[in-house]
Amino acid sequence: MKYALVTGGSRGIGRAVSLKLAAMGYCVVINYASNHEEALKTLEAIQAAGGQGELLPFDVANTEQCVSVLEAWQEQHPDDYIEVLVNNAGIRRDNLMVFMEPEDFFKVMNINLMSFYNVTRPLLTKMLRKKYGRIINMASLSGLKGLPGQTNYSAAKGGLIAATKALAQEIAAKRVTVNAVAPGFIKTDMVEGLDEKALSAQIPAKRFGEPEEIAALVGFLASPEAGYINGEVISINGGLYT
Ligand code: NAP
């Protein structure tokens, strides 16, 4: 069995990515923070489509917990390894910098950026030893362009993009690729409360994207065919960022 881990797989983009990877033949390890009910829905959707998956809740911001949970997973699967990792879990806590509380700045940094180290590091050795792996990081338009009201989120996603490029160069020779996807506005819980009509008017495609459109790109980057794409950041935003 081939395994893929999707952090934040309980909802939104992570759910669509989990379904896509399961359709590609992966047993998908669905990570989430606390929303067991939604995570179960992802798993049931995978199973209903004839695929396989398992649930693995842990806090991607907690370094020790990531190590202990992922080591325990490996012990329970001694003959397998996670060959596709999608670092997707994320939150936003928007505010103008002058009003931003330390908790909102550091929480966003920890869940969106420090998680990259926390989750990737424990899985990397196996990928390198097996000489095959795919790491896909969920960045954002905000990390490329910088968006007002998102100094925390832009910093985290910008850092994730830089880390993607650095790690890609470290490990490319081992046939492990590291790429980032930078979505614009995608219809998930994360954009609830935003004025979709007003924002859509500014998007050349005149609409928000669907999670499945992001999943299609992640699926390609996760495939063997994408083996020569490395250290890239691919925008998927309806033409918003040029
Ligand atoms: P979402 O619908 O709000 O889902 C967020 C997911 O992250 C949930 O599965 C959640 O788990 C998980 N999560 C949050 N904190 C976590 C933690 N500490 N440990 C483990 N899992 C955690 O968000 P989304 O829109 O699908 O976003 C997915 C990714 O795409 C994020 O990195 C986001 O920054 C990025 N992105 C989204 C958009 C957009 O427009 N939607 C645009 C650009 C980039 P629970 O269900 O347990 O809470």
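Residue numbering note: each chain is counted from 1, following its sequence as written. The model is predicted, so local features are restricted to residues of pLDDT at least 70 and side-chain atom pairs to those at 80 or more, both for listing and for counting; the totals for chains, interfaces and linings are taken over all residues. To obtain the side-chain values, all non-hydrogen atoms of the structure were used and water was disregarded.

## A word on the pattern of salt bridges
- Here, a salt bridge means any Lys or Arg side-chain nitrogen found within 4 Å of an Asp or Glu carboxyl oxygen. For the coordinates displayed, the defined rule picks out 6 salt bridges.
- Members of the salt-bridge network, linked through shared partners, are R15, E38 and K41.

## Section: the site of the ligand
- Residues in close proximity to the ligand total 33 residues, the closest being S10, S34, N88, Y153 and T188.
- By the criterion applied in these results, polar contacts are pairs of N or O atoms within 3.5 Å in which, for protein atoms, one can donate a hydrogen and the other can accept it, and in which residues neighboring in sequence qualify only through two side-chain atoms. S34 places a polar main-chain atom, nitrogen or oxygen, 2.7 Å from an oxygen atom of the ligand.
- Burial of the ligand by the surrounding chains reaches 94%, relative to a free accessible area of 910 Å².
- The secondary structure listing takes helices from DSSP runs of H or I that are at least 4 residues long and strands from runs of E that are at least 2 residues long, numbered from the N terminus. For the shell around the ligand, the secondary-structure elements that each account for two or more residues are α1 (12-23), α4 (102-130) and α6 (151-171). Consider each residue's heavy atoms; a residue with any of them within 4 Å of a molecule or strand counts as near. Accessible surface area values rest on a Shrake-Rupley calculation with a 1.4 Å probe, where residue burial reflects the displayed protein chains alone.

## Re α4
- Given a helix with a known number of residues, its expected span is that number minus one, times 1.5 Å. Counted at 1.5 Å a residue, the expected span for α4 with its 29 residues is 42 Å, and the 41 Å between its end C-alpha atoms agrees.
- Along its length, α4 reaches its greatest deviation from straightness, about 45 degrees, at M114.
- K131 sits one or two residues past α4 and shows a positive phi near 55 degrees. One axis is fitted to the seven residues ending at the residue and one to the seven starting there. The bend at that residue is the angle between these axes.

## Description of the side chain of Q150
- Mapped onto the secondary structure, Q150 falls in the loop between α5 (141-145) and α6.
- Exposure remark for Q150: the relative accessible area of 8% places this residue in the buried category. Exposure is judged per residue with a 1.4 Å probe applied to protein chains only, and the accessible area is read against the type maximum: over 50% gives exposed, under 20% gives buried, and values in between give partly exposed.

## Section: unusual backbone geometry
- Although it is not a glycine, K131 adopts a positive phi angle of roughly 55 degrees.
- When you line up the elements, K131 lands in the loop between α4 and β5 (133-138).
- The backbone of R175 sits at a positive phi, close to 65 degrees, despite the residue not being glycine.

## Details of the packing of helix α3 (residues 63-76) against α4
- For the pair α3 and α4, interaxial distance at closest approach is 8 Å and the crossing angle is 30 degrees. For the element pair α3 and α4, the recorded crossing hand is right-handed. Contact residues: T63, C66, V67, L70 and Q74 in α3; Y117, N118, V119, P122, L123 and K126 in α4.
- Looking at the contact of α3 with α4 residue by residue, the classes come out as 7 nonpolar, 3 polar and 1 charged. Axis geometry follows a simple rule: fit a line to the C-alpha atoms, using only the stretch in contact for helices, then measure angles between N-to-C directions, giving values from 0 to 180 degrees. Left-handed describes a crossing whose near helix is turned anticlockwise from the far helix by less than a right angle; the clockwise case is right-handed. Whether two residues are in contact is decided by their heavy atoms, any of which lying within 4.5 Å being enough. Under the convention adopted here, Pro, Cys and the residues Ala, Val, Leu, Ile, Met, Phe, Trp and Tyr are nonpolar, Asp, Glu, Lys and Arg are charged, and Gly plus all remaining residues are polar.

## Structural notes on the sheet that holds strand β1 (residues 3-6)
- The parallel open sheet is built from 7 strands, whose spatial order is β3-β2-β1-β4-β5-β6-β7. Of all the strands in the sheet, the pair left with one neighbour each is β3 (52-55) and β7 (233-236). Between one strand and the next, the sheet's axes are offset by a mean angle of 20 degrees, whatever the strand orientation.
- Of the strands in this sheet, β4 (82-87), β5, β6 (176-183) and β7 touch helix α8 (residues 211-222), which is tilted by about 150 degrees from β5. Paired strands are those between which DSSP finds at least two bridges.

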